[in-house]
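# Architecture at a glance
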Amino acid sequence: MAWSAGPGPTWTLKLEGGLSSLQKRSQRGDHSCPTIALILHACSSLPRDAQDEKAPKIEIHRAGSNLFLKGHTAPLLSLRRWIRTANPQELSDSDRSSLERNSEIQTGWPDLPPNTEAPAYFALLGYWLRDCDRNHQQCRVGHLPKPLSGPFLPTRLLEVGRSRTRVWLRETKHMTVDEVRGDIRYVALSHPWGDAKLHNHFCTTHANVASRICGGISVEDFPNTLKDAIRVTQALNIRYLWVDTLCIIQGNDGDFDTEAKRMEMVYSMAYLVIAASRATGTSDGFLSPRPSRRYAILPAKPISEDGRHGNRQSGREDKLDNSVTYLCEAIDDFQKDVIDGPLSKRGWVLQERALARRTIYFTHSQTYFECGAGVRCETMAKMTNDQAAFLGDPDFPAVAMKSTKGAKIRFCQSLYETYSALEFSKAQDRSIAIAGLEQRLVRAFNTDGAYGVFDGGPSFFGRTLLWMRDTRVQDAMRLIDFDFFSEGAEEKASNMYYVVPSWSWMAYEGVITFMDLPFSGVEWRYVDEGLVAPWTVLHNEDAPGRSTSNAIPATYTGFPTDGSATWHTGRTEWRRRRRGPALKARARNLTIPSTQLFGLKVYQRAEIIFDDGKRPEETDLKCVIIGRKRVPDDATPTADTINVHDLDHYVLVVARRGDLKPTEYRRVGVGSIPGSWIDLDGSGEKILVL
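What comes next is a walk through the structure. (Residues numbered from 1 in each chain as written. Predicted model: local features only at pLDDT ≥ 70, side-chain atom pairs only at ≥ 80, totals over all residues. Heavy atoms only, no water.)

Looking only at helices and strands, one finds 21 helices and 30 strands in the protein. The buried share among the 690 residues of the protein stands at 53%. Relative to all contacts within the protein whose residues are 6 or more apart in sequence, the contacts with residues 24 or more apart total 74%. (Helix = DSSP H or I, 4+ residues; strand = E, 2+ residues; numbered from the N terminus. Buried < 20%, exposed > 50% of the residue type's maximum accessible area, 1.4 Å probe, protein only. Contact = heavy atoms within 4.5 Å.)

This is how it looks when you write it as structure tokens:
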């Protein structure tokens, strides 16, 4: 075995007999070289198909402070430098900053405190916050756009103070003027509730809210995840904590309806969000010990880019006084631990992450800090990625707003595609858990929209309407039952969930994507086809009280009738009416060739994707034209040469809801079909898509 220098920052570890010989030596207990043992352990952690045990040599490349196995993009090992004998809590903020500026190798402690209750652990969390407060103006509350920068407090907060035995639930409307003017910062918890059979949710209800306010709550009574949240809040010297299970009155007679609409403000205005990423429920906790990290000490002068070691016999220290360089396991993986972690699969968390100004994630391997300046690891590494830049933006979606219009559309589509794949314990929450995020996007785009559909011009509106079932993932989507009632509800009408219209993907369980249409290749036709969105104020000719043969009263469609365009996902009146808001549209007869229905495609370019995976039993299918293929100006000498029946049309496929109200239809799919399948010559039928 030997290290040999290669061109640039590359070293080659030559192994007689390949990786398998090194594995045999390790099995015999030969650990004479800690560095080689660490490399072997790292290689053994690779997927089996990535291990070439018969290769005569392996090549390891250095890039910055990471070492990569040739042919792999994920780091194999990491280089870290730290001050000899110094514990993290012994370093001042200026010491940390000096280390980060002056070292060509990433500064960081080689191992992590196994005990997250250690002072060193909370000292690092405090440093992250102080550094962000001082240096990141974009992360401060005062930097948020109006109306978010105005005074705001959640309806209730948990006052944790410094007591280790008792805390109090406070209603902020009863706080004194001095309390509100004082340090009113609060931490918000992002966490999974977990299965109620396995976890104590410890909810506030009308039955116990008074006692929790007047008599307080014993800390010992809290389940572990909430208890750990109290511990972190106190360690950071913050007085108040917001937790959904505690600060929203749960149950059939609770105030979830009201509080769900305030989630945007709750997370945007929090001083800090803490995410229990390693917990599966309220009883788990997130401050338990973590696995130890393997590392080896390298010579006083680290391996340089020419592959040579420093002179250990000289006794000279490196330029960083008394520093040591370590070769460590590569555990800095924000993508795996956070973005792809179990907590991020929970539907509510996408909104919580995007709206937070900064978040500390407590994962199984280590702790991460995310703010507008990027991501910091507990190992003291720093990292950035595109998704972190968008969702970690404290001014969300300011980063996205700097993009082109096409990029903004792609951003929204990607956001909704990601969200549609997330999990909910109650499918009926699918529209509400992103409502705050949608309101932020609507304001940023200076437009109207809800239920996953935005105005913002023809391209935006048309493209967001043309969502479809992701056929790569599932064979069918399932319509959510919005007549679901909680057990034991006395007044069913007051407990019915928000009704979501069928033209929105939020009405279904399942993963979605969008029609992949070229940005310059579509002629949007929905205005000419009479399609009107629910947030559009109706024209006078369709106002209530005017009777025409084809007119549909505004009060029937669910459109605002007071001249106001205020409209958003989860309006309470839709729940009272037991149906969602309607798209007003013109439906045209649709004729699908029988050979197309039975699998023999006449037109290879034609495709209809039914939402539930099959053609509905109704035979009277119609379509609403959203757009059609644009013909380049230089491709047709005269307009007369264009045959619209040959052009691809992009449509919503609809079917009648029932015989009692013949103008009411529901969406059943989406299609890209030739105009010859559509009755383009008639005037169509005025309908409501509910």
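Turning next to the environment of D111. Within the secondary structure, D111 sits in the loop between helix 3 (93-102) and helix 4 (119-135). Between the C-alpha atoms of D111 and E378, which are 267 residues apart in sequence, the distance is 9.8 Å. Not counting residues up to four positions away in its chain, the partners in contact with D111 are S292, R293 and Y295.

Most of helix 17 (residues 458-465) sits inside the fold, with seven of its eight residues counted as buried. Every buried residue of helix 17 is accounted for by S459, F460, F461, G462, R463, T464 and L465.

Turning to the sheet that holds strand 16 (residues 374-377), a few remarks are in order. The 10 strands lie next to each other as 9-7-6-10-8-11-14-15-16-17, forming an open sheet whose pairing is mixed. Since the sheet does not close on itself, it has two edges, and those belong to strand 9 (217-218) and strand 17 (382-383), each with one partner. In terms of strand pairing, strand 11 (residues 272-275) meets strand 14 (residues 359-362) through three bridges, oriented parallel. Across the sheet, residue A275 finds its bridge partner in strand 14, namely Y361. Sheet strands touched by helix 4: strand 11, strand 14, strand 15 (367-371) and strand 16. Its angle to strand 15, the strand with the most contacts, is close to 10 degrees. (Pairing = 2+ DSSP bridges. Axes fitted to C-alpha atoms, helices over the stretch in contact; angles between N-to-C directions.)

Moving on, we get to the pattern of salt bridges. Within this structure, the stated rule accounts for 30 salt bridges. Of the charged contacts, one joins R440 and E264 as a salt bridge, the two residues approaching to 3.0 Å between their closest N and O atoms. Residue R440 is located in helix 16 (residues 435-445), and its partner E264 is located in helix 10 (residues 263-268); the two are separated by 176 residues in the primary sequence. By relative accessible area, which is 3% here, E264 ends up buried. Across the pair R628 and E523 runs a salt bridge, and its minimum N-O distance is 3.2 Å. Of this pair, R628 sits in strand 27 (residues 621-629) while E523 sits in strand 24 (residues 522-524); the two residues are 105 residues apart in sequence, bridging distant segments of the chain. Overall, R628 belongs to the buried group, its relative accessible area being 16%. (Salt bridge = Lys/Arg side-chain N within 4 Å of Asp/Glu carboxyl O.)

When two helices pack together, their arrangement is given by the angle between the helix axes and the distance between those axes. The geometry of helix 15 (residues 405-420) relative to helix 16 is characterised by a closest axis approach of 13 Å and an angle of 175 degrees between their N-to-C directions. On the basis of their axis angle, the class for helix 15 and helix 16 is roughly antiparallel. Along its contact with helix 15, which presents K408, F411, C412, L415 and Y416, the element helix 16 presents L437, E438, L441 and F445. (Parallel < 35°, antiparallel > 145°, perpendicular 65-115°, else oblique.)

With that settled, consider the pairing of strand 6 (residues 156-159). Each regular strand displays side chains that alternate between the two surfaces of the sheet. Side chains R156 and L158 of strand 6 all project onto a buried face; the interleaved residues L157 and E159 project onto the opposite face, where all are buried too. With antiparallel pairing between neighbouring strands as the criterion, strand 6 and strand 7 (residues 166-171) make up a hairpin whose turn holds six residues, including G161 at a positive phi of roughly 50 degrees. Pairing between strand 6 and strand 10 (residues 240-242): two bridges, direction antiparallel. Looking at the pairing, E159 lines up with Y240 of strand 10.

This part covers unusual backbone geometry. Its identity is not glycine, yet F202 carries a phi of approximately 55 degrees, on the positive side. Relative to the assigned elements, F202 resides in the loop between strand 8 (186-190) and helix 6 (209-214). Residue classification places F202 among the buried positions, given a relative accessible area of 14%. Even without being a glycine, N237 presents a positive backbone phi close to 60 degrees. Here N237 shows up in the loop between helix 7 (224-235) and strand 10.

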